[in-house]
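Structural overview for review
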Amino acid sequence: MYYSSGNYESFARPLKPEGVDNKSAYLVGAGLASLSAACFLVRDGQMKGENVHILEKTDLSGGACDGYEYNNLGYVMRGGREMDNHFECMWDLMKSIPSIETEGVTVLDEYYWLNKSDPNYSLMRATMNQGQDAHTDGKFNLSDKGAMQIMKLFFTPDEVLEDRRIDEFFDAEVLDSNFWMYWRTMFAFQNWHSALEMKLYIKRFVHHIGGLPDFKALRFTKYNQYESLILPMVKYLEEHNVKFHYNTQVVNVEFDISPDKKVAKKLHYIQAGKTVEQDLTENDLVFITNGGCVENATLGDQNTPVNYTPELKEGGGWDMWRKIAAQDKSFGNPDKFCSAPDQTNWMSATVTTLDDRIPPYVEKICQRDPFSGRVVTGGIVTATDSNWLLSWTFNRQPQFRNQPKDQLVGWIYGLFSDKPGNYVKKTMLECTGKEICMEWLYHMGVPVDQIDDLAEKSANCIPCMMPYITAFFMPRKKGDRPDVVPEGSVNFAFLGQFAETKRDTIFTTEYSVRTAMESVYTLLDIDRGVPEVWGSVYDVRDLLDATVKINDGKKITDLNMTPEQRMMLAGLVGKIQNTDIMKLLTQYNVI
């Protein structure tokens, strides 16, 4: 497997890999990573679909990319997906997946056209004091010291950041700034999370620093991610005769490990209540989604709080990884990520408006007609003075194909599930859906005497607790996540958010697709380049632009400097007059 850049190889079709007709594939889980791997096996590996088996413990595909209407509950989206135009592997795949809405076009086509005709941006990124405007001026309000702390982290070697927390590198100069409010609520970082992941995120998305305050850097699908991404992939795979085995729970993969090679030799799974042990040969490829950010997720309802059950169960995704990891040190260290659910959880809630009383409050804040079918909030709106650090969003409506035209479906989340609310004096964890809706209505500015009635009669709110939703952000070191294809592997690979690949960042759809592509291309020796991670961190134009924007547009001469420093700067500027360097610095407002 090798990386490529540019469009030469992205347009090419690889030759059929030697011996692929004699191979089979078994994919553990039916989340985005696993479905992507199956698509690459069929499209680029040209493997017979009937030889590809997807083993999923539930009765649905999609994993964390969900969006369903549950009987007796209503619409539920546990999370949402913010996407970027530079998800190179994802768009490489989606250009080949047919739309399930429009004949003759692909998922990428419809996504591209939608976001060109209706570009995303927010008109009110944050509120305070019950729905009053706050922080929509696009300013990060970082001091020079705070900006230097971010710069220092950016240049610190990865190995120095292993097992280190963010708050070991940032103090109040960053953690009390608008920058941190924007950052932590957009990406769900906590102060105690990994400084290494923070650095990798800054590097990966340095070209979008200027888009943080108003989300103009983001793009969204037309519907929820299950209907817009997962269903087209499932249909594509089914049309290629890929075999889906639902209600099939893989509990372990057994390996034969020797000094020169590692071979997956047996699958252990439970199907229809029966324990099955399936022998594997070196021609049987195994793709393992290890861990799981929505493991142990639980739902409440309008009148019932969630049942918080962080205790990991026998046979679950984390338990499976523990059993695998016990067989070889190169298979990672799952306990690094799943041992502190109090530090990796947050709660979400899906709210559906049932009449015309709540939408005007949404419209007042987003400053758009939420029923227009176009961008609504343009990303999350954060109530900065919320004890839960509550954020909420309404994407384009309808969010579900069968959604009534007079209803809105939106999403709420709180980073602090263990703190009492400002209006409802309970922790988010203790609240019913109605009570979470009441807290949200309060922060939107609904008159207090109307909140209870609106939450009771004009909305349906389904809470969700996810104990391990940010497990991948826990401080870690090299080796805690297994390589996508561990050294010596003959017939297996790891996929998804807890596998290790170069330079890309977890908690993105791209990471799932990238690990899938790299695994398939490696195990089948496909002669086509895997697209390199977008190289903005090596582009001096993006670096200059980000440096100026993170300082709220300040030029070098606007920064606090000693007289000696100013003399040095004047001397340097004099030396680069009438050069391309001077033109570049002027173009990007550095001087």
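How each quantity is defined
Along every chain, residues carry numbers that run from 1 in the direction the sequence is written. Side-chain atom pairs in this predicted model are given and counted only at pLDDT of 80 or more, local residue features only at pLDDT of at least 70, and totals for whole chains, interfaces and linings cover all residues. Only hydrogens and water are removed before side-chain values are computed, so all heavy atoms of the structure are retained for them. Numbering of helices and strands runs from the N terminus; a helix is a DSSP stretch of H or I covering at least four residues, while a strand is a stretch of E covering at least two. Each radius of gyration is computed over the set of C-alpha atoms, and the globule rule expresses the reference value as 2.2 Å times the number of residues to the power 0.38. Throughout, exposure labels follow a simple rule: accessible area from a 1.4 Å probe, protein chains only, divided by the maximum for the residue type, with under 20% read as buried, over 50% as exposed, and the rest as partly exposed. Contact between two residues is taken to exist if any of their heavy atoms lie within 4.5 Å; hydrogens are not considered. Per-residue and other accessible areas follow the Shrake-Rupley method at a 1.4 Å probe size, with only the shown protein chains counted as cover for residues. Residues scored as positive are Lys and Arg, those scored as negative are Asp and Glu, and His as well as the terminal groups of each chain are ignored. The atoms used to mark charge sites are NZ of Lys, CZ of Arg, CG of Asp and CD of Glu. If DSSP finds at least two bridges between two strands, the strands pair. Axis geometry follows a simple rule: fit a line to the C-alpha atoms, using only the stretch in contact for helices, then measure angles between N-to-C directions, giving values from 0 to 180 degrees. Geometry of aromatic contacts follows a simple scheme: Phe, Tyr and Trp rings, the Trp one being its six-membered ring, pair when their centres are within 6.5 Å, and the pair is stacked under 30 degrees between planes, edge-to-face over 60, tilted otherwise. Sitting over a ring, as applied to charges here, requires NZ of Lys or CZ of Arg to be within 6 Å of the ring centre and within 35 degrees of the ring normal.

An unreviewed UniProt entry lists the protein under the name Oleate hydratase, from Fusibacter ferrireducens.

On to the overall build of the protein. For the protein, the helix and strand inventory stands at 17 helices and 20 strands. Here the C-alpha radius of gyration of the protein, 25 Å, is about what a compact globule of 591 residues would show, namely 25 Å. Dimensions of the protein, computed from the C-alpha atoms along their principal axes, are close to 70 × 70 × 45 Å. Burial statistics for the protein: of 591 residues in total, 58% are counted as buried. A separation of at least 24 residues holds for 73% of the contacts in the protein among residues at least 6 apart in sequence. Accessible surface, the protein as shown: approximately 24300 Å² in total, 50% of it carbon and sulfur. The average position of the 62 basic charges and that of the 81 acidic charges among the side chains of the protein differ by 3 Å.

Glancing now at the sheet that holds strand β3 (residues 52–55). Across the sheet, 5 strands lie side by side as β8-β3-β2-β12-β19; this open sheet has parallel pairing. Strands at the two margins of the open sheet, each flanked by one partner only, are β8 (243–245) and β19 (492–495). Ignoring strand direction, the axes of neighbouring strands in this sheet form an average angle of 20 degrees. On top of the sheet, helix α14 (residues 509–523) reaches β12 (284–289) and β19; it is set at about 170 degrees to β19, its chief contact.

With that settled, the discussion passes to the pairing of strand β17 (residues 409–414). With 6 of 6 residues buried, β17 is to be regarded as a mostly interior element. Burial along β17 is two-sided: V409, W411 and Y413 facing one way and G410, I412 and G414 facing the other are all buried. As defined by bridge partners, strand β14 (residues 346–353) adjoins β17 across 6 bridges and the pair is classed as antiparallel. Following the sheet pairing, A349 is matched in β17 by I412. Judged from the 4 bridges that link them, strand β16 (residues 390–393) and β17 form a sheet pairing that is antiparallel. Pairing of W392 across the sheet is with I412, part of β17.

Within the open sheet, the 3 strands sit side by side as β9-β10-β11. Their pairing is antiparallel. Strand pairing shows two members of the sheet lacking a second neighbour, β9 (248–257) and β11 (274–279), which therefore form its edges. For this sheet, the mean inter-axis angle between neighbouring strands, taken without regard to orientation, is 20 degrees.

Using the criterion set out here, one finds 42 aromatic pairs in the structure. Centroid distance F331 to F492: 5.6 Å. Interplanar angle 90 degrees. Geometry classified as edge-to-face. Here F331, found in the loop between α9 (317–325) and α10 (335–338), pairs with F492, found in strand β19; they are 161 residues apart in sequence, far enough to count as distant. The same class applies to F331 as to F492, namely buried. When the centroid spacing of 5.8 Å and the interplanar angle of 70 degrees are considered together, the rings of W392 and W440 count as edge-to-face. Of this pair, W392 sits in strand β16 while W440 is found in helix α12 (residues 433–444), placing the two residues 48 residues apart along the sequence. Take W392 and W440: they sit in the same class, and that class is buried. For the cation-ring pair, R368 lies above Y121, with the distance from its terminal atom to the ring centre recorded as 4.5 Å. Above the face of the F416 ring, K419 is positioned so that its terminal group lies 5.7 Å from the ring centre.

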